[in-house]
Amino acid sequence: MGAGIPLAKGAIVPDDVSRHGMWSSRWLFVLAATGSAVGLGNIWKFPYITGENGGGAFVVVYLLCIAAIGIPIMMAEVMLGRSGRQSPINTMRSLIRESGGHRSWSVIGWMGVLAGVLILSFYAVIAGWAVFYVFRLASGVFEGVDGSQSSALFGEFLSNPWAVLLWQTLFMVATIVIVARGVARGLEVAVRWLMPILLLLLVGLVGYAAVYGDFGQGFAFLFSFDASRLTWDGTLTAMGHAFFTLSLGMGAIMAYGAYMPSQASISTTVVTIGVLDTVVALAAGLAIFPIVFVEGLVPGAGPGLMFETLPVAFGNLPFGAVLGTIFFLLVSFAAITSAISLTEPALAFLVEEYNAKRWRVAISLGAVCWLLGIGTVLSFNVWADAKLFGLTFFDLVDYVSGKIMLPLGGLLIALFAGWVLNRRIADEQLGFEGLRREVWDLVIRFVAPLGVLVVFGYTIYQSFG
Ligand code: PFF
C-alpha cells in the first residue's frame, strides 16, 4: 500500500505483484485481514444488536450466515483480489475483460467505494467514543459505579455534540495519518501484538462476568434458541452483520487480497480469519450480558450497551481503572485497523486512476468521511428526534450500508465468482479438485447467493406485503 507494504524479496514473479506493495507472507495477510475483520463490529455492535434482537435465535442465524455465506464470499473476494492485483474497481474491470463478462459487473467496485465512505463516517464516531473511554477509565470516575450510574455517565457524554465531535475528529485524523504513511509497519505491530492482548483481556472479562455477573442468564440469553423471538428484520440484521463483521461485500478484503502472496492457500487462510472473528464476538457477548443481567440493565439498550456495561466491571475490579484503560485502548486499536481497511478500496483506485499521491487522496477521503460523520455525531443529541422512515441519520447510514449495500455487494461478488469468472482463474487461485471443487461450485453458485436473496426477499415481503 503505497510504499507501505514491503515487497517480498525474490520469491514472487514480477507480473504477479501489486503496484501498491505486497504482504510479506501469508501470515501477514492473515494478520491484516483479521485486523480488518475484528473491530467495533465484534465488541460494540454484535452484543448490542444481539440484545436488540432477543438473543439466542439471532446468534444462531448470525453463525449460520458466517459459515454458509460469509466464509465462501470471503474466499471469493480474496480470489478476485489476488488474481486482479489492483484496486477492486480495476480488478473487476480486468477480470470482466478476461472472463468476457458484461461491463456493468464493475458496479461491485463502485458500490464498495461508496459503502466504505458511509461506514467509515459513522465508524469513526463510535471509535471516538472508545478513545474517550480510554481517558475516562484512566480518570477513575467509574470506581464503584453500578449500572445506572454508568448509563448516566454515558448519556451525559453523548448529549454533548462538541465532545463527541472532538473524539471523532481525533480518531479520523489518526486513521488518515496511518493510511497516508503506508500502513504495513503500524498494522503489523498492531495486529501481531495488540490483537492477542485484546483477546486475553476479553477472556479475563468473561472471567469477571462469570464470577460477579449473572453468567447463567447471560449465557442462556446468547445461546438458547427460541425461534419465536426471531423476526425477518432480525434475520436481515444478522446477515448484514455477518458481512459487516467479516469486512465483506465492499471490496476491503478484495483490496487486501490483491497484496497476498500467490502461494498461500485461500481456503485455510479465510477459515482462520472467520474463526478468530467469531471467537472475539462471542467472547464480547459473554463478557457483556452477564453484567447486563446482574445490574438490571436492559439487553436492548442499543449502541451504548458496551459503554454502559463494561465500565461497571472495571469500576468494581481490583486494578480496574488500569485494566479498563488498557481495554479501551485495545478496542481503539482494533477499530483503527478496521478503519484503515475501509479506506483501501477508494484509496487504491484513486492512486491508480489519477496517479495521485497516496497522502493527498487519504486527506480528501478523510475529509469527506469526517463531514458525513457529523450527521452521526448529531444523531445522538441535537438531531435525536429528526427521523426519516423512523430512523435517525446514524440509523439510516447504518441501515443502507449494512443491510443493503454489503449484502448486495456480497451477492454480486458470489454471482460473479460463481457464474462469470473464467474457470481457469478460479481453479488456479483456489487449487480445488474433485469433490472439493464441486462443493465450492455448489456453495458459491447457489447456497451463498440464494441465502442472501431469500433473506432480502422475505424482508421486503414482510415490510411491504
Ligand atoms: N469488520 C469491521 C468490524 O467488525 O468492526 C468493520 C468493517 C471493516 C466493515 C471494513 C467493512 C469493512 F470493509
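Further up the page is the structure itself.
The structure contained in this document is the topic of the report that follows. (Residues numbered from 1 in each chain as written. Predicted model: local features only at pLDDT ≥ 70, side-chain atom pairs only at ≥ 80, totals over all residues. Heavy atoms only, no water.)

## Brief notes about the environment of Phe307
Locating Phe307 in the fold gives a position in helix H13 (residues 305-316). Note on Phe307: relative accessible area 0%, which makes it buried. Separated by 178 residues in the primary sequence, Phe307 and Trp129 have C-alpha atoms spaced 8.4 Å apart. Those residues in contact with Phe307 that lie beyond four places of it in its chain are Trp44, Ile126, Trp129, Ala130, Tyr133, Ser150, Phe154 and Phe328. (Helix = DSSP H or I, 4+ residues; strand = E, 2+ residues; numbered from the N terminus. Buried < 20%, exposed > 50% of the residue type's maximum accessible area, 1.4 Å probe, protein only. Contact = heavy atoms within 4.5 Å.)

## Overview of the site of the ligand
Among the 15 residues in the neighbourhood of the ligand, the closest are listed as Ala37, Gly41, Tyr123, Phe244 and Met250. In the model, an oxygen atom of the ligand is placed 2.5 Å from a nitrogen or oxygen of the Tyr123 side chain. Ser247 is positioned such that a nitrogen or oxygen atom in its side chain is 3.0 Å from a nitrogen atom of the ligand. Notes on the ligand: free accessible area 340 Å², of which the protein chains cover 100%. At the level of secondary structure, the elements contributing two or more residues to the shell around the ligand comprise helix H1 (26-37), helix H2 (40-52), helix H10 (232-245) and helix H14 (320-354). Among the residues forming the shell around the ligand, the class breakdown is seven nonpolar, eight polar and no charged. (Near = heavy atom within 4 Å. Polar contact = N/O pair within 3.5 Å; in protein donor to acceptor, adjacent residues only side chain to side chain. Areas by Shrake-Rupley, 256 points an atom, 1.4 Å probe, with all protein chains shown as cover. Nonpolar A, V, L, I, M, F, W, Y, C, P; charged D, E, K, R; others polar.)

## A word on the packing of helix H3 (residues 56-84) against helix H4 (residues 88-99)
Between H3 and H4, the shortest axis-to-axis distance is 9 Å and the interhelical angle comes to 80°. With respect to each other, H3 and H4 are oriented roughly perpendicular. Residue-level inspection shows Leu80, Gly81, Ser83 and Gly84 of H3 in contact with H4, the latter providing Thr91, Met92 and Leu95. For the contact of H3 with H4, the per-class residue count stands at three nonpolar, four polar and no charged. (Axes fitted to C-alpha atoms, helices over the stretch in contact; angles between N-to-C directions. Parallel < 35°, antiparallel > 145°, perpendicular 65-115°, else oblique.)

## Focus: unusual backbone geometry
Positive phi, normally seen in glycine, also occurs at Ser247, with a value near 60°. By secondary structure assignment, the location of Ser247 is in the loop between H10 and helix H11 (252-257). Positive phi, close to 50°, is recorded for Asn355, a residue that is not glycine. Looking at the element boundaries, Asn355 is found in the loop between H14 and helix H15 (358-379).

## Examining a nonpolar patch on the surface
Judged by side-chain polarity, Trp419, Leu442, Phe446, Val447, Leu450, Leu453, Val454, Tyr458 and Tyr461 come together as a nonpolar surface patch covering roughly 890 Å² of accessible area. Considering every element that reaches the nonpolar patch, the biggest residue donor is helix H18 (residues 434-464), with eight residues. Here Leu442 lies in helix H18. (Patch = residues over 30% accessible without salt bridge, like charges linked within 9 Å, V, L, I, M, F, W, Y side chains within 5 Å. Salt bridge = Lys/Arg side-chain N within 4 Å of Asp/Glu carboxyl O.)

## Considerations on the pattern of salt bridges
In total, this model carries nine salt bridges according to the counting rule given. Across the salt bridge formed by Arg424 and Glu98, the nearest N and O atoms sit 3.9 Å from each other. Taken together, the residues Arg424 in helix H17 (residues 423-430) and Glu98 in helix H4 connect sequence positions 326 residues apart. A residue is classified by how much of its surface remains accessible, and Arg424, at 45% relative accessible area, is partly exposed. Across the pair Asp427 and Arg437 runs a salt bridge, and its minimum N-O distance is 2.9 Å. Residue Asp427 is found in helix H17, and its partner Arg437 is found in helix H18; the two are separated by 10 residues along the sequence. When its relative accessible area of 25% is taken as the criterion, Asp427 is described as partly exposed. Take Arg437: its relative accessible area is 26%, and that puts it in the partly exposed class. Taken together, the shared-partner salt bridges connect Arg423, Asp427, Arg437 and Asp441 into one network.

## Considering the packing of aromatic side chains
Enumeration over the complete set of coordinates arrives at 36 aromatic pairs. A centroid spacing of 4.3 Å and a plane angle of 25° characterise the contact between Phe132 and Phe157, whose relative ring orientation is stacked. Taken together, the residues span a long stretch of sequence, with Phe132 in helix H5 (residues 107-138) and Phe157 in helix H6 (residues 147-158) at a distance of 25 residues. On the basis of relative accessible area, Phe132 is assigned to the buried category, the value being 16%. (Phe/Tyr/Trp six-rings, centres within 6.5 Å; stacked < 30°, edge-to-face > 60°.)

## A look at the side chain of Ser151
Following the sequence through the fold, Ser151 ends up in helix H6. If we skip the residues at most four places from it in the chain, Ser151 touches Leu297 and Glu308.

## Considerations on the nonpolar core
Grouped together as the largest cluster of nonpolar side chains are 161 residues, with contacts concentrated most on Trp129, Phe157, Phe307, Phe327, Phe328 and Phe416. When residues in this core are grouped by element, the largest group, 21 residues, is from H5. Leave out the neighbours within four places in its chain, and Trp129 touches Trp44, Phe154, Phe157, Leu158, Val164, Pro303, Phe307 and Phe380. (Core = buried A, V, L, I, M, F, W, Y, C linked by side-chain atoms within 4.5 Å.)

## Brief notes about the environment of Ile253
Note that Ile253 resides in helix H11. The buried category is assigned to Ile253, whose relative accessible area is 0%. Through-space distance from the C-alpha of Ile253 to that of Val177 is 21 Å; in sequence the pair is 76 residues apart. Those residues in contact with Ile253 that sit more than four places away from it in its chain are Ala33, Ser36, Met74, Glu77, Val78, Leu246, Ser247 and Leu248.

## Here's the deal with H13
Note: α-helices contain 3.6 residues per turn, so residues at a spacing of three or four share the same orientation. Over its 12 residues, H13 extends 18 Å from the first C-alpha to the last, a length consistent with the 16 Å expected when each residue adds 1.5 Å. Extensive coverage of H13 is indicated by the burial of 11 of its 12 residues. Along H13, the residues classified as buried are Leu305, Met306, Phe307, Glu308, Thr309, Leu310, Pro311, Val312, Ala313, Phe314 and Gly315. (Expected span 1.5 Å × (residues − 1).)

## Focus: the packing of H10 against helix H16 (residues 393-420)
Running from N to C, H10 and H16 cross one another at 70°; their axes reach a closest spacing of 9 Å. When the axis of H10 is compared with that of H16, the two are roughly perpendicular. In the crossing of H10 with H16, the sense of the turn from one axis to the other is left-handed. Touching Asp233, Leu236, Thr237, Met239, Gly240, Phe243 and Phe244 of H10 are Tyr399, Gly402, Lys403, Leu406, Pro407 and Gly410, all from H16. Grouping the constituent residues of the contact of H10 with H16 by class yields seven nonpolar, four polar and two charged. (Left-handed = near helix turned anticlockwise from the far one by under 90°.)

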